[in-house]
Every structure is written in C-alpha cells, then in structure tokens.
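# Structural description and commentary
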Amino acid sequence: MKRPNFYAAGGLDRVGPLRKNPDWLKARLTAETSRFVPIWRAQHLVRDSGAGPEPILLDLATVTPFLMAGAEPMLLGLDGEIAHFALDLSAEETPLDRLGYGALALDAAPKFQDLRAFGPLLSQRTGSLLAYARGLAHWHTRHRFCGVCGSPTIGAEGGHVRICISPDCKTHHFPRTDPAVIMLVTDGDKMLLGRQAVWMKGMYSTLAGFVEPGESLEEAVAREVQEEAGILVEDAIYHSSQPWPFPSSIMLGFYATAKTREINLNDRELEDARWFSRDWVRDHQDDEFFRLPRKDSISRRLIEDWLGRED
C-alpha cells in the first residue's frame, strides 16, 4: 500500500533464517550495539521528552542482570546492523527500582504505560516496534505450557517458537495471531457506525469481529454485521490490514454494501448503531455526542478513505 496502517511497516528485517542459528543469536545478544525493548505486564517504558512520549530502549549492560535472572530475550529483528530484542520484565515487582529510576522525582521518572495511551503520538517505525514487541511477549506469556500434554515449554529460535520439554511430546508451538474482520458498511452516501458502552463518550466506529473456524473472511464480514446490527450486506471488498496487539489480533479491513437498512441490535454487543451521511461527518467536529475512532486504528483509516471519495 502507498500508506501502510499504523503499527505496520516498521522496517525491521526479521531475519527468519538467521534466528535459527544459535551462534549468530548469541553474538547478537551479547553485542554492545544491541537494543532491548522492555515490557512489564504488557506496558512499555516511556519518558516525557517535553515534545511527547519517548519510549526507552535499553542497552546490554542495563539488561544483563535481568538476563542472568532468567528473563527470556525475544529477537525482533535487525535495523541495519543493530539487533533489537524484546525483554519481558513482568517477573519483577519493582522494575523501575532495578533499572535505577526509582529514586527520581515522579514527574521526571520514566513510567511503564499501556501502548494504547500514547501510541498515536509515536512515529510509524516506533509504534510498529512496540506493537511487535508487545504481541510477541503476550504470546509467550500464554504458552508457558504445552497445549497438547501440559508440560512446560522453552523458547527457541530467538523466541519465535516454544518447544514442549516432554520427551514423549516435543511439540513445537509457533506465535499465533487472531484474525478479525473490521468493515465499513455503506449505502450510497451513508455509512453504518456503532458504539459500545465502554468506549469514550460519543465515539462511534466501524463494526468488527473475530473470524470463526471454517469461515471465509467475506462470510465473517456478513455474519458479524448481521449479528451486531441486523443488516444484510454484499460485495465485501478487502481494503488493508493492521496488526493490533491488544492483545493479539490482525485486523482485516473491508468495505461492504448494505442490502438492508433497518438496524436491529441483535446481540446487544453494541449500545447504539446509526447511519451517518458523508457530508455530516465531514462537517462535524468531535464532541461528546459524536467522535471518530482513534487515529491509530484501521477503523479511522477506513472511514477517512471513504470520506475522501466522490461517488
């Protein structure tokens, strides 16, 4: 695509063949130039630079005590010749103290924060790096034990596989991403948007849902729209995709054309759903009654691309 969605296209070389080489991995892991993305309970280490949030990457000297204590590094890839790893510090109760930040004044000290709180303020490359690290770390925390026999698993290939330690099993488990469809349903110059009660006041977004086993993406689009809003659709057309590690999804964006218009909130997942005209949304300023979804989401991208059309 000419303009990738946010959290994608970070530019790292994932070096798939090289991460299978233990000697190469060891050399990168012990290189002074390597950088580590710290993660603590699904949060990233960030300081306020005065010009916005600045994620902190750690050097080898800083992370060595954590590595010696058993923290597992996960290779993200190479940026030029510099290796980047994710490092989960969640076993630490007070990681800021171990990192030497505990004595700083609260307003000056870096903090661990959820990516969703500051992601839209980052550059494309930085947002992609943190999203990648968050998603991979989440997968590791959910696969400490074998789903086949229940034995513990160990990381291998730079953190891109976990292997069951049972000699009778030895199953290899690979990182998984949950596919979800997200679609803007249109009818002429109107689009269908909905909102959940837990969202920011006034925020409306496109409909979305997970793909079920034995289902095509187009079938998932049609099913989710009918289940959530009671609308029948046709002509599901793929737009683009976006990694969405909250906690572990890949969002597959579509446009679809409505065959019916009467809204019926069947499963009560949505608090409200309405048709909005293109001109009204173009002219409206976000307020507590209506606001567009967050700028780092593919939902916002689907809407803005459609608003820019002249059908």
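Figured I'd write up the structure that's included with this text. Because the structure is predicted, anything quoted here is derived from the model rather than measured.

## Things to note about the nonpolar core
Soluble globular proteins tend to pack their nonpolar side chains together in the buried interior. Core analysis: the biggest nonpolar cluster contains 37 residues, and Leu 76, Leu 115, Leu 184, Met 191 and Leu 193 have the highest contact counts within it. Among the elements of the structure, β1 (35-40), β4 (73-79), α4 (115-118), α5 (124-141), β10 (178-187), β11 (190-195), β14 (249-258) and α8 (298-307) are those that each provide at least two residues to this core. At seven residues, the largest contribution of residues to this core is made by α5. Every residue in contact with Met 191, bar those within four places of it in the chain, is listed here: Leu 184, Val 185, Thr 186, Arg 274, Trp 275, Phe 276, Val 281, Ile 303, Trp 306 and Leu 307. Phe 66, Ala 83, Leu 87 and Phe 112 belong to the second-largest nonpolar core, a separate cluster that totals 21 residues.

## Description of the packing of aromatic side chains
Scanning the model with the defined rule gives 12 aromatic pairs in all. Seen from their ring centres, Trp 40 and Phe 112 are 5.8 Å apart, and the 50° between their planes marks the pair as tilted. In this pair, Trp 40 sits in strand β1 while Phe 112 sits in strand β6 (residues 111-113), placing the two residues 72 residues apart along the sequence. When its relative accessible area of 17% is taken as the criterion, Trp 40 is described as buried. Between Tyr 204 and Phe 276, the ring centres sit 5.3 Å apart and the planes meet at 70°, which makes this aromatic pair edge-to-face. Residue Tyr 204 is found in the loop between β11 and β12 (207-210), and its partner Phe 276 is found in strand β15 (residues 272-277); the two are separated by 72 residues along the sequence. Since its relative accessible area comes to 3%, Tyr 204 is described here as buried.

## Thoughts on unusual backbone geometry
Negative phi values dominate among residues other than glycine, just as trans dominates among peptide bonds. Residue Pro 247 is reached from Phe 246 by a cis peptide bond, and omega for that bond is 10°. Structurally, Pro 247 is set in the loop between β13 (233-244) and β14. At Lys 170, a position not held by glycine, the phi torsion is positive, near 55°. Structurally, Lys 170 can be placed in the loop between β8 (161-164) and β9 (172-173).

## Comments concerning the layout of surface pockets
Considered as a void within the structure, the largest pocket measures approximately 750 Å³ in volume. Those elements that place two or more of their residues in the lining of the largest pocket are β10, β12, α6 (217-229), β13, β14 and α8. Examining the composition of the lining of the largest pocket, we find that four residues originate from one element, β12, more than from any other. Taken together, the residues of the lining of the largest pocket sort by class into 14 nonpolar, eight polar and seven charged. Lining of the second largest pocket is provided by 28 residues; of these, Arg 14, Ser 128, Ala 131, Tyr 132 and Pro 243 occupy positions nearest its centre. Listing elements by their share of the lining of the second largest pocket, those giving two or more residues are α5, β13 and β14. No other element matches α5, which puts eight residues into the lining of the second largest pocket. When grouped by side-chain class, the residues that make up the lining of the second largest pocket number 13 nonpolar, 10 polar and five charged.

## So, the state of the cysteines
According to the stated counting rule, one finds zero disulfides in the structure shown. No disulfide involves Cys 164; its sulfur sits 3.4 Å from that of Cys 149, the nearest cysteine.

## Looking at the pairing of β8
Where strand β7 (residues 153-156) lies against β8, four bridges are found, and the strand directions are antiparallel. Note that in β8 the partner of Ala 156 across the bridge is Val 161. The turn linking β7 back onto β8 is made up of four residues, and Glu 157 within it adopts a positive phi angle of 50°. Relative to β9, β8 is paired through two bridges, and the arrangement is antiparallel. The partner of Ile 163 across the bridge, within β9, is His 172.

## A closer look at the pattern of salt bridges
Should the charged atoms of two oppositely charged side chains come close, the side chains can pair. Per the counting criterion, the structure on display carries 23 salt bridges. The partner of Asp 189 in a salt bridge is Lys 190, with the nearest N and O atoms 3.7 Å apart. By relative accessible area, which is 39% here, Asp 189 ends up partly exposed. Classification of Lys 190 by relative accessible area gives partly exposed; the value is 29%. Among the ionic pairs, Arg 223 bridges to Glu 224, the shortest N-O distance being 3.1 Å. Using a relative accessible area of 7% as the deciding quantity, one classes Glu 224 as buried. It is possible to trace a salt-bridge network through shared partners that takes in Glu 212, Glu 215, Arg 223, Glu 224 and Glu 227.

Cut-offs and rules
- Residues numbered from 1 in each chain as written.
- Predicted model: local features only at pLDDT ≥ 70, side-chain atom pairs only at ≥ 80, totals over all residues.
- Heavy atoms only, no water.
- Core = buried A, V, L, I, M, F, W, Y, C linked by side-chain atoms within 4.5 Å.
- Buried < 20%, exposed > 50% of the residue type's maximum accessible area, 1.4 Å probe, protein only.
- Helix = DSSP H or I, 4+ residues; strand = E, 2+ residues; numbered from the N terminus.
- Contact = heavy atoms within 4.5 Å.
- Phe/Tyr/Trp six-rings, centres within 6.5 Å; stacked < 30°, edge-to-face > 60°.
- 1 Å grid on protein atoms, 1.4 Å probe; cavity = no way out; pocket = protein on both sides within 12 Å on 5 of 7 lines; lining within 4 Å.
- Points joined across faces, edges and corners; volume = space filled by probe spheres on them.
- Nonpolar A, V, L, I, M, F, W, Y, C, P; charged D, E, K, R; others polar.
- Disulfide = S-S within 2.5 Å.
- Pairing = 2+ DSSP bridges.
- Salt bridge = Lys/Arg side-chain N within 4 Å of Asp/Glu carboxyl O.

Spatial relationships are all this shows, so hold off on functional conclusions.
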